[in-house]
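Coordinates in review
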Amino acid sequence: RYNIFAYCSLEKVKFHNVIFRGSIQFDHSEMKDVSFKNCTFKGNTDFRDVSFKGKSEFLNCIFDSSENNTIKKINFSACTFEQEANFSGSIFNLKADFSETIFGIKKENNNLDESSSEVKFLIENAKFQKEVDFSKAIFYDAIYFSGTEFCTDIEDYAKESINFENAQFKRKVRFHHCKFHNTVRFENTSFNKLVDFYYAHFYKPQQFHFTDFLDRAIFSNTEFDEEVQFLHCRVDSNSYIRFESATFKKSLDISRSNFNDKANFWNIELEEGDTFT
């Protein structure tokens, strides 16, 4: 069974407490003010290339697959969220693809004061059970991932399972209390404003490779269970990297970080012996 709304224009769409047992396809559509609350998606879910013109809600939704289904992922790739988007409380039991998605609208003045940047995007207290891909995504407004868990069902080491490669964060981003159960790919990721990992927990070996920290990077009470490396990162005159009350259970390597005098360590804990390079 298919529910196809492809290549159409929809306004003020509301689906609350709905179970979509068949496939639902909105790809290449234009939608304004869409609300999915407490919905369950059992079939192929395709929002690829959708232009979300107004407020978008996917609150407390479950993205799943029915038994004997060959569905591989939930597709939000190459979408544009122009106004607000909220995925808080949702559970993704399949791979979630947000690659090349644009959150917000490009600002004419990129030096706009941070206090004027309203938080428009929320993925809080969500669960990505499988892989999640935000590669090449662009965030023109602030986004909070606070309380979200990544790759809770993937036990084997997989560098690609949480992918933010080549993503651009133009405004602040918060990963407060996030749990990263597998390695996060931050290669060539740009944080133009504040990035905050307050009480985040990294369970697997972690690299920040060619990562740009161009404003403030806060690792306060952050916990690293395995090795962590900062390799060939880029900072500028406004950069400030702060490790406060962070715990490193294995090794910490900043020997090739390019931090220069931009890093500050206060009350950190190194659980093993000679683990700081």
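In case you missed it, the structure is sitting above this.
Figured I'd write up the structure that's included with this text. (Residues numbered from 1 in each chain as written. Predicted model: local features only at pLDDT ≥ 70, side-chain atom pairs only at ≥ 80, totals over all residues. Heavy atoms only, no water.)

1. Details of the overall build of the chain
Rules: Numbering of helices and strands runs from the N terminus, with a helix taken as a DSSP run of H or I at least four residues long and a strand as a DSSP run of E at least two residues long. For every residue, the accessible area (1.4 Å probe, protein chains only) is compared with the maximum for its type, and the residue is labelled buried under 20%, exposed over 50%, or partly exposed between those bounds. Any two residues whose heavy atoms approach within 4.5 Å at even a single point are treated as in contact. For accessible areas, the Shrake-Rupley method is used with a probe of radius 1.4 Å. Any residue's cover is judged against the shown protein chains and nothing else.
In terms of regular secondary structure, the chain is built from 0 helices and 41 strands. Residues counted as buried form 53% of the 277 residues belonging to the chain. Restricting to contacts in the chain with at least 6 residues of sequence separation, those with at least 24 account for 43%. When the accessible area of the chain is evaluated, it comes to approximately 12600 Å², of which 41% is carbon and sulfur surface.

2. Structural notes on the packing of aromatic side chains
Counted only if it meets this: Any pair of Phe, Tyr and Trp rings, taking the six-membered ring for Trp, is counted once the centres come within 6.5 Å. Such a pair is stacked with planes under 30 degrees apart, edge-to-face with planes over 60 apart, and tilted for the rest.
Considering all chains together, one arrives at 71 aromatic pairs under this definition. Pairing F76 with F87 gives two aromatic rings, centres 5.3 Å apart and planes at 90°, and the pair type is edge-to-face. Of the two residues, F76 sits in the loop between β11 (73–75) and β12 (80–81) while F87 sits in the loop between β13 (84–86) and β14 (91–92), which places them 11 residues apart along the sequence. Centre to centre, the rings of F243 and F265 are 4.8 Å apart; their planes meet at 5°, and the pair counts as stacked. Here the residue F243 occupies a position in strand β37 (residues 240–244), and F265 occupies one in strand β40 (residues 263–266), the gap between them amounting to 22 residues. Overall, F243 belongs to the buried group, its relative accessible area being 0%.

3. Some points on unusual backbone geometry
In this structure, D49 takes a positive phi of about 65° despite not being glycine. With respect to the helices and strands, the residue D49 is situated in the loop between β7 (45–46) and β8 (51–52). Notably, N188 is not glycine yet its phi reads approximately 65°, a positive angle. Assignment of secondary structure puts N188 in the loop between β27 (184–185) and β28 (190–191).

4. Here we look at the nonpolar core
In plain terms, the rule: What is meant by a nonpolar core is a set of buried Ala, Val, Leu, Ile, Met, Phe, Trp, Tyr and Cys residues, joined one to another through side-chain atoms within 4.5 Å.
In this structure, F145, F213 and F230 are the most contacted members of the largest nonpolar core, which totals 69 residues. Looking at this core, the element that brings in the most residues is strand β5 (residues 30–37), giving 3 residues. F145 has contacts with I123, E124, F134, F150, F164, F169, V173, R174, F175 and C178, leaving out every residue within four places of it along the chain.

5. Digging into the pattern of salt bridges
Pairs may arise between side chains of opposite charge once their charged atoms sit close together. What counts, and what does not: The working definition used for a salt bridge is a side-chain nitrogen of Lys or Arg within 4 Å of a carboxyl oxygen of Asp or Glu.
By the definition in use, this model includes 16 salt bridges. With a closest N to O distance of 4.0 Å, K42 and D64 form a salt bridge. With K42 in the loop between β6 (40–41) and β7 and D64 in the loop between β10 (62–63) and β11, the pair connects residues that are 22 residues apart, well separated along the chain. Among the residues examined, K42 registers a relative accessible area of 24% and is labelled partly exposed. In this structure, the salt-bridge partner of R242 is E244, at a minimum N-O distance of 2.7 Å. Assessed through its relative accessible area of 23%, R242 is described here as partly exposed. Owing to a relative accessible area of 23%, E244 belongs among the partly exposed residues under this scheme. Each of D27, D46 and R48 takes part in one network of salt bridges that share partners.

6. Describing the sheet that holds strand β26 (residues 179–180)
This is how the line gets drawn: Between any two strands, pairing holds if DSSP finds at least two bridges.
A sheet is described by the order of its strands in space; here 11 strands give the open sequence β3-β6-β10-β14-β18-β22-β26-β30-β34-β38-β41, paired in parallel fashion. At either margin of the open sheet sits one strand with a lone partner, and together these are β3 (19–20) and β41 (269–270).

7. Thoughts on the side chain of D196
Our working definition: Lys and Arg are tallied as positive, Asp and Glu as negative. Neither His nor the chain termini are counted. Here a polar contact is taken to be a pair of N or O atoms separated by no more than 3.5 Å, where protein atoms must pair a possible hydrogen donor with a possible acceptor and residues adjacent in sequence count only if both atoms sit in side chains.
Secondary-structure assignment places D196 in strand β29 (residues 195–196). Buried and unpaired, D196 has R174 as its nearest opposite-charge partner, separated by 4.6 Å. A distance of 2.8 Å separates polar atoms of two side chains, one belonging to D196 and the other to H176. Residue contacts for D196: discarding those within four places in its chain leaves V173, R174, F175, H176 and I218.

8. Overview of the pairing of strand β35 (residues 228–231)
Examined bridge by bridge, strand β31 (residues 206–209) and β35 share 4 bridges and lie parallel to one another. Residue pairing across strands places Q207 opposite Q229, the latter belonging to β35. One ladder, built from 3 bridges, connects β35 with strand β39 (residues 252–256); its direction is parallel. By the bridge assignment for β39, L231 is matched with R256.

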